[in-house]
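Listed below are the residues making up each chain.
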Amino acid sequence: MTSGTTPGLIRFNTSADSEALATLHEVCSSSAWGSRILAQRPYATAEALFLASDAAMAELTAEDLAEAMEGHPPIGRPKEGDATSTREQSGMAGSSAELKAEMLELNLAYQERFGHVFLICATGRTGEQMRDAVKERIGNSPEQEREIVRTELGKINRIRLTRLVEEESAA
């Protein structure tokens, strides 16, 4: 993982607040998280940015987490035209029609139980692994699930921030 100063980190550190906030919103939909990250610029290293992200994630309220989850489509149904959600959910792309249908049912049951989408750091996971995770987590209490979601969002944020700081040029 990148830990030094990179062109992407320099660009993030020196961009206008409004541009940096828009970039952060693409990483995480929580305005509280984005504001905390923005307020600590500039970052000397990518690792400093990652640690700030982790700290901001730990401070999010239940409402902030709900706002962050609004930016994530259900597993198996990435946002059309959204390269990030398509890439992150690529483990479902080659799944059978049966697995996709089962995942849809599980997503709906999970959403009914918890009031939000099933959120998991899908990068590198197969469709079967994601299905097994939702089956395992649907029995959690809302409090347990909120903390698992916080951890999963933190992982997603780190992956997305890594891509941000490793970009050689503006997108």
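Our structure's up above, just so we're on the same page.
The following paragraphs examine the structure supplied in this document. (Residues numbered from 1 in each chain as written. Predicted model: local features only at pLDDT ≥ 70, side-chain atom pairs only at ≥ 80, totals over all residues. Heavy atoms only, no water.)

Scanning the protein from terminus to terminus reveals ten helices and zero strands. In the protein, the order of α-helices and β-strands from amino to carboxyl end is α-α-α-α-α-α-α-α-α-α. Residues classed as buried in the protein amount to 44% of the 171 residues present. For the protein, the accessible surface area stands at approximately 8,600 Å², while carbon and sulfur atoms represent 53% of it. (Helix = DSSP H or I, 4+ residues; strand = E, 2+ residues; numbered from the N terminus. Buried < 20%, exposed > 50% of the residue type's maximum accessible area, 1.4 Å probe, protein only. Areas by Shrake-Rupley, 256 points an atom, 1.4 Å probe, with all protein chains shown as cover.)

This part is about the nonpolar core. With 41 residues, the main nonpolar core has F12, W33 and I37 as its most contacted residues. Those elements that provide at least two residues to this core are α1 (7-14), α2 (17-27), α3 (31-39), α4 (46-59), α5 (62-69), α8 (97-114), α9 (127-137) and α10 (142-166). For F12, the residues in contact, after removing those within four places along its chain, are A20, L24, I37, R41, Y43, L49 and L164. (Core = buried A, V, L, I, M, F, W, Y, C linked by side-chain atoms within 4.5 Å. Contact = heavy atoms within 4.5 Å.)

Counted by the stated rule, this structure contains three aromatic pairs. Ring plane angle 25° and centroid distance 6.4 Å describe the contact between F12 and Y43, whose orientation is recorded as stacked. Taken as a pair, F12 in helix α1 and Y43 in the loop between α3 and α4 lie far apart in primary sequence, 31 residues in all. Y43 carries the same exposure label as F12, and that label is buried. (Phe/Tyr/Trp six-rings, centres within 6.5 Å; stacked < 30°, edge-to-face > 60°.)

Inspection of every chain in the model, using the stated rule, returns eleven salt bridges. Among the salt bridges present, the one from K135 reaches E102, with a minimum N-O distance of 3.1 Å. One end of the pair, K135, is in helix α9; the other, E102, is in helix α8, and 33 residues separate them in sequence. Note on K135: relative accessible area 44%, which makes it partly exposed. (Salt bridge = Lys/Arg side-chain N within 4 Å of Asp/Glu carboxyl O.)

Locating R41 in the fold gives a position in the loop between α3 and α4. Among the polar contacts listed, one links the side chain of R41 to the backbone oxygen of N13, at a separation of 3.5 Å. The residues contacting R41, other than those within four sequence positions of it, are F12, N13, T14, S15, A16, D17 and A20. (Polar contact = N/O pair within 3.5 Å; in protein donor to acceptor, adjacent residues only side chain to side chain.)

Glancing now at the environment of G124. On the secondary structure map, G124 appears in the loop between α8 and α9. Look at G124 and you get exposed, because its relative accessible area is 76%. Here the alpha-carbon distance between G124 and G91, two residues 33 residues apart in the chain, equals 6.8 Å.

Let us now look at the environment of G8. Its place among the elements puts G8 in helix α1. For G8, a relative accessible area of 2% gives the class buried. When the C-alpha positions of G8 and E167 are compared, they lie 5.0 Å apart, and in sequence the two are 159 residues distant.

Okay, the packing of α8 against α10 next. At a closest axis distance of 11 Å, the pairing of α8 and α10 adopts a crossing angle of 115°. Between α8 and α10, the residues in contact are Y110, R113 and F114 and P142, E145 and V149, respectively. Of the residues in the contact of α8 with α10, the class split is four nonpolar, no polar and two charged. (Axes fitted to C-alpha atoms, helices over the stretch in contact; angles between N-to-C directions. Nonpolar A, V, L, I, M, F, W, Y, C, P; charged D, E, K, R; others polar.)

Turning next to the packing of α2 against α3. Running from N to C, α2 and α3 point in directions that differ by 135°, and their axes come no closer than 9 Å. As judged from the angle between their axes, α2 and α3 are oblique. Of the two possible hands of crossing, α2 and α3 adopt the one that is right-handed. Where α2 approaches α3, its residues D17, A20, L21, L24 and V27 are matched on the opposing element by W33, G34, S35, I37 and L38. (Parallel < 35°, antiparallel > 145°, perpendicular 65-115°, else oblique. Left-handed = near helix turned anticlockwise from the far one by under 90°.)

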